Amino acid sequence: MLSIKNINKTYHSEEGDEVLALSDINLEMKNKEFVCFIGPSGCGKTTLLRIIAGLETPDSGTITIHGEPIKGPGPDRGMVFQEYSLFPWRTVLKNITFSLEMKKVPKGQREDIARQHLELVGLSKFADSYPHELSGGMKQRVAIARALVNDPNVLLMDEPFGAVDAQTRNRLQQELLKIWERDKKTLLFITHSVDEAVYLADRVVVFTSRPGRIKEIFKIDLPRPRDRTSVDANMYRESLLSSLGAEIKNAID
Amino acid sequence: MDIGQGLRKRTLELTSIATAIVIWEIVARIINIKYILPSFTSVVSAFIGLVQEGELYRDALTSLNYFVIGIGLAILVGIPIGTLMGWFKSIDRAVDPIIEMIRPIPPLAWITFAIIWFGLTKYAAGFVIFIGAVFPIIINTYTGFKNTPRVLVESGKVLGCVRNIDIIYRIALPSALPAIATGIRVGMGVGWMCVVAAEFFAVSTYGLGWKIWHWNNLHHMDIVLTYMLVLGMIAFMIDRLFRYLVEEWWLKWQSGVVV
């Protein structure tokens, strides 16, 4: 359903240097699939996600969703950013209703929809709080609710749990899986954590260091709910780590 | 919290003010020349007299009238200019050199033209105040828009807010509001200084600034000092009121002190 074909992207610095960020990326994603991107820092995985979101344009290649090429940001794709991205001047509820306002959904209706999604992430009590009153994990949960409220086909997540502590992170991963299993979105998730990738994904895409190419794709054939400490999970972790380790070494050298 | 308790918490501050007043009174009595330094007590009795005659009230209203004209215009002009400059790079490049040429001119240098253009009216005074207040508002609005976090703009785009006008109104403007509030606050400070100067040029026979000049010519320095203190008090109250409005209403979403 999401089809990435021959994507290339080069950045031009002000001094005129060219940096090849993405080179010949091809990937087919099935409907309702959970795919993780993993790779060394600066390998272009965020750039690819931003291209899919419509925030950047590739130099060449096409991305289609259900056969429709991407031309810019659109309601069929939701995105959760790595940084905290809630609008600080809006309450939690008003953050979630934002995209519905843009679609001109009537007020009562959009607040009902927003409340349902707030309940989904377990934050109903905080509907009238402002973002600065929330913890980091809560902010990202609201951001997820805000991205889901449009009912997108694809949910793009750029290291959404990178800045929260380990315990909260585990809980957020479980909640995300619950939402994903309920709503069955196609989910694209960037992470730096091999553990996170093995726990969450149907498939894990490993990127090479700059220029970003797809190095290897691992299919995680484990039933859910997964056991983080099982022998099988460890095996996947090991093969992912060794694939990734070579790339990180390259990136540092 | 009752008033007594509130005052007790402010013992140090109140002692400090009381000490300053006592020293003032003693020094004034030692010098004993009203023209050089009127005593505190003479200023208090001058103040009471002015209040009873209703003079002070009328003067304050006159000055505030100029102030509102000037600041109101500065807000109406400054925020749109700052917005356009902060958001559109080409407008910034086109307008910035002009602003940077006019901005360093002290507002009081405009008084002659203000009178030529507007006559000896409240609009002449308002214009000088406008000149003083508009640049801090433009520059802070500009900075506020320039510093709109990229992630908020991109969040907006992903959520369906893609037209420039929508991004400005729904994302950049609210994000810039704290900076705009700071600009207005600074602008009001400069504007109030301009009130006094503008009134020296006899745009009216009322007004706090004009009365300083007037009573100075009559050598009533206790009244001059009274008007000076009233000018300070009103500026203080305007600033406090503005801060209260900003913190309680306008920017309630921000944590802690805003401006």
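Residues numbered from 1 in each chain as written. Chains lettered and ligands numbered in written order. Predicted model: local features only at pLDDT ≥ 70, side-chain atom pairs only at ≥ 80, totals over all residues. Heavy atoms only, no water.

Caption draft 1: Region of interest: a nonpolar patch on the surface. Residues and elements named next belong to chain B. Nonpolar side chains collect at one region of the surface, where Val44, Phe47, Ile48, Val51, Met233, Phe236 and Met237 lie side by side and expose about 630 Å² of accessible area between them. Those elements that provide at least two residues to the nonpolar patch are helix 3 (40-53) and helix 11 (221-250). Take the nonpolar patch: its biggest share by element is 4 residues, from helix 3. In this fold, Ile48 is placed in helix 3. Classification of Ile48 as partly exposed rests on a relative accessible area of 42%. (Patch = residues over 30% accessible without salt bridge, like charges linked within 9 Å, V, L, I, M, F, W, Y side chains within 5 Å. Areas by Shrake-Rupley, 256 points an atom, 1.4 Å probe, with all protein chains shown as cover. Salt bridge = Lys/Arg side-chain N within 4 Å of Asp/Glu carboxyl O. Helix = DSSP H or I, 4+ residues; strand = E, 2+ residues; numbered from the N terminus. Buried < 20%, exposed > 50% of the residue type's maximum accessible area, 1.4 Å probe, protein only.)

Caption draft 2: Geometry of the packing of aromatic side chains. Summed over the entire model, instances satisfying the criterion amount to 17 aromatic pairs over all chains. For the ring pair Trp110 of chain B and Trp117 of chain B, a centre distance of 6.5 Å and an interplane angle of 50° mean the geometry is tilted. When its relative accessible area of 16% is taken as the criterion, Trp110 of chain B is described as buried. An aromatic cluster of at least three residues, connected via ring pairs, comprises Trp110, Phe113, Trp117, Phe118, Phe127 and Phe130 of chain B. Its guanidinium or amino end placed over the ring of Trp180 of chain A, Lys184 of chain A lies 4.0 Å from that ring's centre, counting from NZ or CZ. (Phe/Tyr/Trp six-rings, centres within 6.5 Å; stacked < 30°, edge-to-face > 60°. Lys NZ or Arg CZ within 6 Å of the ring centre and 35° of its normal.)

Caption draft 3: Structural view of the environment of Arg150 of chain B. Considering the arrangement of structural elements, one finds Arg150 of chain B in helix 8 (residues 150-158). For the pair formed by Arg150 of chain B and Ala179 of chain B, sequence separation is 29 residues and the distance between their alpha carbons is 17 Å.

Caption draft 4: A look at the sheet that holds strand 2 (residues 18-29) of chain A. Residues and elements named next belong to chain A. One open sheet accounts for 4 strands, arranged 2-1-4-5; its pairing is antiparallel. Each edge of the sheet is formed by a strand with only one pairing partner; in this case those strands are strand 2 and strand 5 (68-69). Pairing of strand 1 (residues 2-12) with strand 2, which is carried by 8 bridges, proceeds in the antiparallel orientation. Residue pairing for strand 2: Thr10 is matched across the bridge by Leu20. The sheet strands contacting helix 1 (residues 45-53) are strand 1, strand 2 and strand 4 (60-65), and the helix crosses strand 1 at an angle near 115°. (Pairing = 2+ DSSP bridges. Contact = heavy atoms within 4.5 Å. Axes fitted to C-alpha atoms, helices over the stretch in contact; angles between N-to-C directions.)

Caption draft 5: Fine view of the pairing of strand 10 (residues 214-219) of chain A. Residues and elements named next belong to chain A. Bridge count for strand 9 (residues 203-207) against strand 10 is 5 bridges, and the pairing is antiparallel. Within the sheet, the bridge partner assigned to Val206 lies in strand 10 and is Glu216. Taking the residues between adjacent antiparallel strands as the criterion, strand 9 and strand 10 are bridged by 6 residues.

Caption draft 6: Expanded view of the side chain of Glu154 of chain B. Along the chain, Glu154 of chain B falls in helix 8. Residue class for Glu154 of chain B comes out buried when judged on its relative accessible area of 9%. Beyond its immediate sequence surroundings of up to four residues, Glu154 of chain B is in contact with Arg50, Leu55 and Phe81 of chain A.

Caption draft 7: Region of the structure containing the interface of chain B and chain A. Taken residue by residue, the interface counts 20 residues in chain B and 24 residues in chain A. When the two sides are added together, the surface that chain B and chain A hide from each other amounts to roughly 1,900 Å², 71% of it contributed by carbon and sulfur. When the area that chain B buries against chain A is broken down by residue, the three leading residues are Val158, Leu159 and Trp253 of chain B, summing to 38%. Our enumeration of links across chain B and chain A arrives at 2 salt bridges. Of the charged contacts, one joins Arg50 of chain A and Glu154 of chain B as a salt bridge, the two residues approaching to 2.6 Å between their closest N and O atoms. Linking chain B to chain A there are 4 residue pairs in polar contact (both at pLDDT 80 or more). Counting only elements with at least two residues in the side of chain B that touches chain A, the list comes to helix 8 and helix 9 (164-199) of chain B. Per-element accounting of the side of chain B that touches chain A gives the leading share, 8 residues, to helix 8 of chain B. (Buried area = accessible area lost by both parts, 1.4 Å probe. Polar contact = N/O pair within 3.5 Å; in protein donor to acceptor, adjacent residues only side chain to side chain.)

Caption draft 8: Up close: unusual backbone geometry. With omega at -5°, the peptide bond leading from Arg210 of chain A into Pro211 of chain A counts as cis. Along the chain, the position of Pro211 of chain A falls in the loop between strand 9 and strand 10. For the bond running from Arg224 of chain A to Pro225 of chain A, omega is 0°, close enough to zero to count as cis. Summarising the element assignment, Pro225 of chain A is placed in the loop between strand 10 and helix 7 (231-252). In this structure, Lys32 of chain A takes a positive phi of about 65° despite not being glycine. A positive phi angle, close to 60°, is found at His219 of chain B, a residue other than glycine.

Caption draft 9: The arrangement of the domain arrangement of chain A in detail. All names here are of chain A. You can read the domains of chain A as domain 1 (2-76 + 153-252) and domain 2 (86-151). Centre-to-centre, using C-alpha coordinates, domain 1 lies 25 Å away from domain 2. Taken together, the contact between domain 1 and domain 2 spans 14 residues of the former and 11 residues of the latter. In total, about 1,100 Å² of surface goes out of reach between domain 1 and domain 2, with carbon and sulfur atoms giving 67% of it. Of all residues in domain 1, Pro75, Ile179 and Lys185 bury the most surface against domain 2, accounting for 36% of the area lost on that side. For the interface between domain 1 and domain 2, the tally reads 2 salt bridges. Residue Arg141 pairs with Glu175 through a salt bridge whose shortest N-O separation is 3.2 Å. The tally of links from domain 1 across to domain 2 stands at 3 residue pairs in polar contact (both at pLDDT 80 or more). Listing elements by their share of the side of domain 1 that touches domain 2, those giving two or more residues are strand 7 (154-158) and helix 5 (166-183). Examining the composition of the side of domain 1 that touches domain 2, we find that 6 residues originate from one element, helix 5, more than from any other. (Domains from an automatic or database assignment.)

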